[in-house]
Amino acid sequence: MREYSLDDEVDFLIIGTGAGGGTLAGRLAEMGFSVVALDAGAYFRPLDDFASDETEQEKLYWNDRRIVDGGTPLQMGGKNSGKAVGGSMVHFAMVSLRFRPEWFRSRSVLGYGADWPLDWREMWRYYREAELALAISGPVTYPWGPKRPRYPYRAHEINSAGRLLALGAEALGYQWTETPLATVSAPRGKSPPCVYRGFCRFGCSTNAKQSTLNTWIPRALAAGAEIRDLAMAGRIEVKGDRATGVHFHREGAWHFQRARNVVVAGYAVETPRLLLNSATSRHPHGLANRSGLVGKYFMTQSNQAVFGRMRDEVRWYKGPPSFTITEHWNYDDRKDFFGGYCWMAQGPLPIEWGFIQTGARGLWGEALRQDMLNYNHQVGLKMVGETLPDAANTVTLADEVDQYGLRIPRITFSWGENDRKLIGHAISEMTRSLEAIGAEDIFPQREDANHLAGTARMGFTPEDSVVDADCRSWDIPNLWVCDGSVFPTTGGVNPSLTIQAIALRTADRIKAMAGRGEL
Amino acid sequence: MPRISRAAPETQPAVQAAKRLNRGSAMLAASVLADSAMEHYRGGFYNPAMVTPILTSIAALSTSLHGHNDDRQRRHRQRDRLFGLTAATGIAGIGFHLYNTLKKPGGLSWQNLFYSGPIGAPAAILLSGLFGLLAERVRDTPPGETPRIFGLNAGRVTSLVTSVGLFATSGEAGLLHFRGAFQNPAMFLPVTLPPVAGALMGKATFGNSRKERRFTRFWLRLTALLGIAGSGFHIYGVSRAMGGWHNWRQNMVDGPPIPAPPSFTGLAMAGLAALALLRAHPED
């Protein structure tokens, strides 16, 4: 790995190496820019460092102190976080979906949320690039939305849980398909085909999963980028309206890395936190915050579920948890609320299942023990639903400080009325699907959320957004934000592919601007 | 390149041709035996009927070898019956696999075609049986007469069966290699070489029977070689699965099937027999 000295003024200093930062680091390095990418987490080697153990793998989460409040405080630190080189994609469920084209113009076409300054046709091209880079294994033809090219790898053989979703969907008259997944169904380079170990959401120990960690990061390294792990960014230094570098904490001390451009890619909590923590007298409300929108419109996605029990064995833990999907309600607008959702087959591992049994169902003691014996017969459907952007949902700074002496984020969130309607609709639809296949003891998991978004939204003017379509901040021209924070709306599908597509587009735009001397 | 040894000079051309067909059918049966044993073991013999192809292919293999060691110029009734049974098993197998594919959610979908019992696999044992049946009929020809099947020139009939078999087997390889996303360029070989051989055999079926067809024979030998090389490629393919050959007990079962490609070798051998038969008994 090439290493830069702190005095080297690198072209791009990227904070965070997940779907946004990792992808951007890879592409910018390949374009010939000098790149240093910081990550607060460790650089894990899956073959050596990952265990088949839910608890051990919590080392992939961002479990630093945060304050959560609001009407429905979010549980932070699990699946909605990541602290490792590769970011949360190291433990993502590999679900790689494209947005419905209309979502890029939610406000003008569908009547809610905000429009994106991006055109879906352009995004379609970058989705393709991301799908090729991750060799997505998906269905030969995808049943929803405009025609898309064939996925690079074929869909995996679906497991019983996936088949039960299909049977339910067919009974309801909905289309279903194999979920496009970022785990290879045939060899690819050093990646062996997936062996359906089922620990995907706790880090893939075989490298069959195509995450940032084993796709974009190696490409970045090969092109001369430096990945600096265990480096916590604390403050972006600005001189006037130009960023000059980043103060980061590594090996027990603070350092300063000089840079011509700074990209913040810390996801929807750490990105606004860093921008707010970097306030100066000239930028008293935080960097890139003239609009006052940094930390506003914080979103998550509804992740409620319905579970039941089958007479036959299901063994839902076998393989990736989400083999099949129905996006029916993302594309059908005959409903009395805004936004859409999809649902996917499920396969929680035993500890997670225990949490659901105690939390959502309230089982305890002998009743819990008895019911856990049904593990191999359980079946479930879990939604990924759109949450509407609401200025009242925010990430702000608390007065408390963390282990680095940095003010910790306060995450304020409440489901809105529309969100509740959408969730209610999904729970009743998923319940119908389980009833149709003869599941027994059906119960809903009414509170769960996952992916984050918003807090540094992209838009059309300096007044309506934090960054422009190129992820460049309106206020500080050499400060960029490239992660899920830039989403004006969040859509009803998992966001990682969209984040990567945005990063790919940003890289192309940066190259074009550099060529014209506009950086 | 498999060298097809010539029978003793005193042996009748019809018997020679029958013996060559027996070798082709033996090769197919051996491929099916190893392949179905492994695949059905993988399926845990979930249905007791899954043992059938193993028994049938053992029968077809030994019957073919028996035929290969038999210089008599007449049909062997027991052998004929066994070949008939083999072919019938192949047809039943196709039916079974088709039924299992269609009953899954999604019906006739790529998912089900990729991952259910492959429809093309039982076709290989059907072909083995067919070549055995053809061998018995070819053998049963008085000296000086042209072997005939249902009144048709046996050379042409065998050519036709070979041609169809090559296309079908190539289709099967194509389906499964499509499932593997043609991730290695060598995966294109079985969907390019054998169809050419199939087309050439189609030409031989309906063309001038007096032509020497050196190019066709060359191409058949190439296809025979591909069948053997294919096993080599699949051995390499197994090494690319998680754990490689250290984890052979899992990867041989889940990886690319090592015994499957020699089906092409068996078909090419039958094709060469058909051409020899045509040359020995030309017709206008």
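Refer to the preceding data block for the structure.
Here goes a summary of the coordinates provided. (Residues numbered from 1 in each chain as written. Chains lettered and ligands numbered in written order. Predicted model: local features only at pLDDT ≥ 70, side-chain atom pairs only at ≥ 80, totals over all residues.)

**What to know about the overall build of chain A**
The criterion, for reference: Comment: elements are numbered from the N terminus, with helices defined as DSSP H or I runs of at least four residues and strands as E runs of at least two. Each residue is classed by its C-beta neighbour count within 10 Å, where at least 20 other C-beta atoms makes it buried, 12 or fewer makes it exposed, and intermediate counts make it partly exposed; the C-beta atoms are placed from backbone geometry. By the convention adopted here, residues make contact when the C-beta atoms placed from their backbones lie within 7 Å.
Helix and strand counts for chain A come out as 12 helices and 20 strands. On the principal axes, the C-alpha backbone points of chain A span a range of 65 × 50 × 45 Å. The burial tally for chain A puts 56% of its 519 residues in the buried class. Considering only intrachain contacts with a sequence separation of at least 6, the fraction spanning at least 24 residues in chain A is 73%.

**Details of the overall build of chain B**
We count it as follows: For the radius of gyration, the atoms used are the C-alpha atoms, and the globule rule reads 2.2 Å times the number of residues raised to 0.38.
Of regular secondary structure, chain B possesses 10 helices and 2 strands. Scanning chain B from its N terminus toward the C terminus, one meets helices and strands in the order α-α-α-α-α-β-β-α-α-α-α-α. Taking 19 Å as the expected radius of gyration for a compact globule of 284 residues, we find that chain B reaches 19 Å, a close match to that expectation. Overall, chain B is about 60 × 40 × 35 Å in size when its C-alpha atoms are taken along their principal axes. Taking all 284 residues of chain B together, the buried fraction comes to 50%. Within chain B, contacts between residues separated by at least 24 positions form 77% of all contacts whose residues are at least 6 apart in sequence.

**What to know about the interface of chain B and chain A**
The condition that has to hold: For this classification, the nonpolar set comprises Ala, Val, Leu, Ile, Met, Phe, Trp, Tyr, Cys and Pro, the charged set comprises Asp, Glu, Lys and Arg, and every other residue, Gly included, is treated as polar.
On the chain A side, the residues contacting the 14 residues of chain B number 19 residues. Elements that contribute at least two residues to the side of chain B that touches chain A include exactly α4 (110-115) and α6 (154-179) of chain B. For the side of chain B that touches chain A, the element with the most residues is α4 of chain B, which contributes 4 residues. Grouping the constituent residues of the side of chain B that touches chain A by class yields 8 nonpolar, 4 polar and 2 charged.

**Regarding the pairing of strand β1 (residues 10-15) of chain A**
All names here are of chain A. We count it as follows: When DSSP finds two or more bridges between two strands, those strands count as paired. A right-handed crossover is one whose linking path, passing over the helix from the first strand to the second, runs clockwise when the strands point away from the viewer.
Across the 6 residues that make up β1, a large majority, 5, are buried. Across 5 bridges, the pairing between β1 and strand β10 (residues 253-264) is parallel. Paired with Ile 14 across the two strands is Val 263, which belongs to β10. Pairing of β1 with strand β2 (residues 35-38) involves 4 bridges; the strand directions are parallel. Looking across to β2, one finds that Ile 14 is bridged to Ala 37. For the handedness criterion, the β-α-β arrangement of β1, helix α1 (residues 21-30) and β2 is classed as right-handed.

**Quick word on the environment of Gly 295 of chain A**
Residues and elements named next belong to chain A. Examined against the element boundaries, Gly 295 turns out to sit in the loop between α7 (267-277) and β11 (299-302). Residues Gly 295 and Val 262 lie 33 residues apart in sequence; the distance between their C-alpha atoms is 19 Å. Contact partners of Gly 295, with chain neighbours within four places excluded, come to Pro 272, Leu 276, Thr 394, Val 395, Thr 396 and Thr 455.

**Focus: unusual backbone geometry**
Residue and element names in this part refer to chain B. Of note, the phi angle at Phe 45 is positive, near 45 degrees, even though the residue is not glycine. Looking at the element boundaries, Phe 45 is found in the loop between α1 (13-42) and α2 (52-68). The backbone of Phe 150 shows a phi angle near 45 degrees, a positive value even though the residue is not glycine. For Phe 150, the position within the fold is in the loop between β1 (148-149) and β2 (152-153).

**What about the packing of helix α5 (residues 120-139) of chain B against α6 of chain B?**
All names here are of chain B. As a reminder, the rule being used: Every angle, taken between N-to-C directions, lies between 0 and 180 degrees, and every axis is a line fitted to C-alpha atoms, over only the stretch in contact when it is a helix. An angle counts as roughly parallel when it lies under 35 degrees, as roughly antiparallel when it exceeds 145, as roughly perpendicular when it falls between 65 and 115, and as oblique in every other case.
One way to put it is that α5 packs onto α6 with a least axis distance of 10 Å and a crossing angle of 170 degrees. It follows from the interaxial angle that α5 and α6 lie roughly antiparallel. Between α5 and α6, the residues in contact are Gly 120, Ala 123, Ala 124, Leu 127, Leu 130, Leu 134, Arg 137 and Val 138 and Ala 154, Val 157, Thr 158, Val 161, Gly 165, Ala 168, Thr 169, Gly 171 and Glu 172, respectively. Considering only residue class, the contact of α5 with α6 consists of 10 nonpolar, 5 polar and 2 charged.

**Topic: the environment of Arg 282 of chain A**
Residue position: Arg 282 of chain A is located in the loop between α7 and β11. Since 10 C-beta atoms lie within 10 Å of it, Arg 282 of chain A is described here as exposed.

**So, helix α7 (residues 193-206) of chain B**
Residue and element names in this part refer to chain B. Keep this limit in mind: Each helix should span, by expectation, one fewer than its residue count multiplied by 1.5 Å. Taken from the helix axis, the directions to the C-beta atoms give the arc we talk about.
Here α7 spans 21 Å end to end across 14 residues, near enough to the 20 Å set by a 1.5 Å rise per residue. The complete set of buried residues in α7 reads Leu 193, Pro 194, Ala 197, Gly 198, Leu 200, Met 201, Ala 204 and Thr 205. On an axial view of α7, the arc spanned by its buried residues comes to 165 degrees, and they lie on one face. Where α7 is buried, its residues contact α6, α8 (214-239) and α10 (262-280).

**Overview of the nonpolar core**
In summary, soluble globular proteins display a tendency toward joint burial of nonpolar side chains. Put simply, the test is: Buried Ala, Val, Leu, Ile, Met, Phe, Trp, Tyr and Cys residues whose C-beta atoms connect them within 7 Å together make up a nonpolar core.
Ranked by internal contacts, the top residues of the largest apolar core, which has 151 residues, are Ile 14, Ala 25, Val 35 and Val 263 of chain A. At 8 residues, helix α12 (residues 496-515) of chain A tops the list of elements feeding residues into this core. Not counting residues within four places of it along the chain, the set of residues in contact with Val 35 of chain A comprises Val 10, Asp 11, Phe 12, Ile 14, Ala 25, Leu 28, Ala 29, Ala 220 and Ala 225 of chain A. Listed in part, the 55 residues of the second largest apolar core include Leu 61, Leu 200, Ala 224 and Leu 278 of chain B.

**Some thoughts on the environment of Leu 110 of chain A**
All names here are of chain A. Within the secondary structure layout, Leu 110 lies in helix α3 (residues 106-110). For Leu 110, a count of 17 C-beta atoms within 10 Å puts it in the partly exposed group. Once the C-alpha coordinates of Leu 110 and Asp 312 are considered, the two residues, 202 residues apart in sequence, prove to be 43 Å apart.

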